[in-house]
Amino acid sequence: MEFQLKLNEYKFIAEEYFKKRISEADFSGSLSEAVRYSFFGGGKRIRPVLMLAVSDYLGVDFSLVLPFAFSLECIHEHSLIHDDLPALDNDDVRRGKLSCHKKFSEHLAILSGDYLLNYAYEACLTICDTPEKIKALSVLASSTGLMLSGQVLDTTSQYETAEASLISVYEKKTASLLTACFTIPLILANKGELISDFSNLGRSIGLLFQITDDIIDYSKRLEAKDELNFVKIFGVKHALDIKNELYFECNKILDKHKDFTFLKSFVDYISERCE
Ligand code: GRG
């Protein structure tokens, strides 16, 4: 219960800030409509929630980290809009509603995704006035680069039969942005000594998230025909074994940070989710 209240509180803080930042964007007409449709389309906001939780734990002022949480969410939304396009996953539905290109048009979906990717940096650059903030922004950029190269591997590898290769795709495609939710607050807090634990946590939570997603997609028959899916390749039992290992990894690190109780519950939330 306490976890749910905190989760809602972080989500509310992020949402209010996001509304303000999107309202400041210099766009209008159909571009604004398509961007708002996707950006406020019902995402769980797990990345900004995680960034705020880590900041809370490290004592980083929310006003310092919110611009980065917003930029990261813009990048995440860009990736979903583009991923749904016919040239990639060709999905008609996102979050139970029409995907951006189905609701509007392909050209508007391409440009909305581009707009969000650009706005992520435009919105953040204005506040980057210290070496720490510049370093945090460069972590955001390099994590985005990893996500994109992971997606290239995903779309070109057809059927990854080596487990290590598939895990490496997931580390890039999914875990890199989740790891940035740890490393950005760390940089802003100047707590370099925690980098190893927190990077490992980001990786394990990212993989746990993606393998859980694969299990959900597989059980609901949602995975696209050519899409990589851990369960489709290695079977349900092995997917559950790996999931347990990752869950154990997270908790092993969290044993060293026992007062970070929100994160312990967050790992349960990621692992137990079924949609
Ligand atoms: C730039 C085209 C392009 C792709 C980059 C991240 C990514 C690669 C594509 C997005 C689709 C995908 C399968 C991502 C893997 C991670 C994942 C399951 C994302 C969905 O994240 P949630 O569940 O989304 O946090 P919500 O809807 O809650 O915002």
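Here, the structure is the one placed above.
None of the values given here were measured: they were computed from a predicted structure.

**Some details on the site of the ligand**
- Surveying the vicinity of the ligand reveals 19 residues, the closest of which are K44, R47, H76, D83 and R95.
- H76 is positioned with one of its side-chain polar atoms (N or O) 2.8 Å from an oxygen atom of the ligand.
- Side-chain polar atom of R95 to an oxygen atom of the ligand: 2.7 Å apart, as the coordinates give it.
- Considered on its own, the ligand offers 720 Å² of accessible surface; in the complex 91% of this is hidden by protein.
- Taking a 2 Å distance to the grid points as the criterion, the majority of the atoms of the ligand fall inside the largest pocket.
- Among the secondary structure elements, those contributing two or more residues to the shell around the ligand are α3 (46-58), α4 (62-83), α7 (131-156), α8 (163-189) and α9 (195-219).

**Details of unusual backbone geometry**
- With a phi angle near 60 degrees, R45 is a residue other than glycine that sits in the positive phi range.
- With respect to the helices and strands, R45 occurs in the loop between α2 (29-39) and α3.
- The phi torsion at R95 lies on the positive side, around 55 degrees, for a residue other than glycine.
- Along the polypeptide, R95 turns up in the loop between β1 (93-94) and β2 (97-98).

Conventions and cut-offs
Residues numbered from 1 in each chain as written. Predicted model: local features only at pLDDT ≥ 70, side-chain atom pairs only at ≥ 80, totals over all residues. Heavy atoms only, no water. Near = heavy atom within 4 Å. Polar contact = N/O pair within 3.5 Å; in protein donor to acceptor, adjacent residues only side chain to side chain. Areas by Shrake-Rupley, 256 points an atom, 1.4 Å probe, with all protein chains shown as cover. 1 Å grid on protein atoms, 1.4 Å probe; cavity = no way out; pocket = protein on both sides within 12 Å on 5 of 7 lines; lining within 4 Å. Sits in = over half its atoms within 2 Å of the grid points. Helix = DSSP H or I, 4+ residues; strand = E, 2+ residues; numbered from the N terminus.

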